[in-house]
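The primary structure of each chain is shown beneath.
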Amino acid sequence: MRVLGVDPGLTRCGVGVVEGVPGRPLTMVGVGVVRTPADADLGHRLVAIEQGIEEWLDEHRPEFVAVERVFSQHNVRTVMGTAQASAVAMLCAARRGIPVALHTPSEVKAAVTGNGRADKAQVGAMVTRLLRLDAPPKPADAADALALAICHIWRAPAQNRLQQAVAQNRLQQAVALHKAQAQAQAPAATARVSTTAPAPKGRPA
């Protein structure tokens, strides 16, 4: 499984590609940051992010894209920029038919370090250890992108099983509902036939 992790941001959008399967050593395929100037027009910055992510998709051909789920913060301006960059990443993946998964920061931290409240230094240290790197990727946005990819590789099988179970349950409920409706309609149909059937003719004398 090859996953492109995206840590969205307008100024620095972290990107990292990890390959592997649960239970086996993972391999870093690539890591970097898509940068845009803070004084540039918003539209141009979003275009630059799109172009940067498209280049990563072209070069590494990931099977999945994992993006950090945007959550509420005190700095509304930061949230807006993160959400916009996140939407661009999801758009790029969806346009190519690549499945997109969203993971919360606490979910990623828990998956990589075992602590949902770990700081960036701890995340960077564990990413370095798990991918057998010489040093933590810089800046922290790059390490976070790798952590997102690692999180998805480890959690995707469980999520798939859950989705399959939910889909199966919905199918069973739909079948049961259809049968109940059919059974409810059957007596009514029988009653209509009985009331409209012609009366039998009398026997000849």
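Everything numeric here is computed off the predicted structure, so don't read it as measured data.

A.B. asks: When you look at the confidence of the model for the protein chain in this model, what are you seeing that I'm missing?
C.D. replies: Detailed reading of the predicted coordinates is not advisable wherever pLDDT falls low. Per-residue pLDDT for the protein chain averages 87, and the proportion of residues at 70 or more is 81%. With pLDDT under 50 throughout, residues 160-165 is counted as low confidence; its partners more than four residues away or in other chains account for zero contacts.

A.B. asks: What is the right way to read the sheet that holds strand S5 (residues 100-103) from this model?
C.D. replies: Within a sheet, each strand pairs with its neighbour through backbone hydrogen bonds, oriented either parallel or antiparallel. Spatially, S3-S2-S1-S4-S5 is the arrangement adopted by the five strands of the open sheet, whose pairing is mixed. Either end of the sheet is taken by a strand with one partner, and the two such strands are strand S3 (27-35) and S5. Across the sheet, the axes of successive neighbouring strands diverge by a mean angle of 20 degrees, strand direction being ignored. Both strand S1 (residues 2-7) and strand S2 (residues 12-19) contribute to a ladder of six bridges, which runs antiparallel. Bridge pairing links Leu4 to Val17 in S2.

A.B. asks: Just checking my understanding: could you explain the side chain of Glu68 for this structure?
C.D. replies: With respect to the helices and strands, Glu68 occurs in strand S4 (residues 64-68). Of the side chains bearing the opposite charge, Lys120 lies closest to the buried Glu68, which forms no salt bridge; the N-O distance is 6.3 Å.

A.B. asks: Help me understand the packing of helix H1 (residues 42-60) against helix H2 (residues 76-95) in this model?
C.D. replies: Packing of H1 against H2 brings their axes to within 9 Å, and their N-to-C directions diverge by 40 degrees. One element, H1, and the other, H2, form an angle in the oblique class. Seen along the crossing, H1 lies across H2 with a hand that is right-handed. Touching Leu42, Leu46, Ile49, Glu50, Ile53, Glu54 and Leu57 of H1 are Gln84, Ala85, Val88, Ala89, Cys92, Ala93 and Arg95, all from H2. Looking at the contact of H1 with H2 residue by residue, the classes come out as ten nonpolar, one polar and three charged.

A.B. asks: Just to check I follow, could you spell out the state of the cysteines for this structure?
C.D. replies: The term disulfide refers to a covalent linkage connecting the sulfur atoms of a pair of cysteines. Across all of its chains, the model carries zero disulfides by this definition. No disulfide involves Cys13; its sulfur sits 9.4 Å from the nearest other cysteine sulfur, which is in Cys92.

A.B. asks: Would you explain the pairing of S2 in this entry?
C.D. replies: The side chains of a regular strand alternate, residue by residue, between the two faces of the sheet. Counted residue by residue, S2 has six buried out of eight residues, so it is predominantly covered. Where S1 folds back onto S2 in an antiparallel hairpin, the turn is made up of four residues. Pairing geometry for S2 and S3, over eight bridges, is antiparallel. Residue pairing across strands places Val18 opposite Met28, the latter belonging to S3.

What counts, and where the lines are drawn
For every chain, the first residue of its written sequence is number 1, and the numbers climb from 1 along that sequence. Local features are withheld for residues below a pLDDT of 70 in this predicted model, meaning they are given only at 70 or higher, and side-chain atom pairs are given and counted only at 80 or more; totals for whole chains, interfaces and linings count all residues. The basis for every side-chain value is the complete set of heavy atoms in the structure, and neither hydrogens nor water enter the calculation. Scored between 0 and 100, pLDDT is the confidence that the predictor attaches to each residue. By the convention used here, residues are in contact when the closest approach between their heavy atoms is within 4.5 Å. Note on pairing: DSSP must find at least two bridges between two strands before they are called paired. Here a strand is any run of E in DSSP of at least two residues, a helix any run of H or I of at least four, and the numbering for each starts at the N terminus. Axis lines are fitted to C-alpha atoms, over the contacting stretch for helices. Their N-to-C directions set the angle, which ranges from 0 to 180 degrees. Burial classification: accessible surface area is computed with a 1.4 Å probe over protein chains only, and a residue below 20% of its type maximum counts as buried, one above 50% as exposed, and the rest as partly exposed. Counted as positive: Lys and Arg. Counted as negative: Asp and Glu. His and the chain ends are not counted at all. Within this document, salt bridges are pairs made up of a side-chain nitrogen of Lys or Arg and a carboxyl oxygen of Asp or Glu, the two lying within 4 Å of each other. Note on angle classes: values under 35 degrees are labelled roughly parallel, values over 145 roughly antiparallel, values of 65 to 115 roughly perpendicular, and the remainder oblique. The hand of a helix crossing depends on one turn: near helix anticlockwise from the far one by less than a right angle means left-handed, and clockwise means right-handed. Gly is placed with the polar residues, together with every amino acid not listed as nonpolar (Ala, Val, Leu, Ile, Met, Phe, Trp, Tyr, Cys and Pro) or charged (Asp, Glu, Lys and Arg). Any two cysteine sulfur atoms lying within 2.5 Å of each other are counted as a disulfide.

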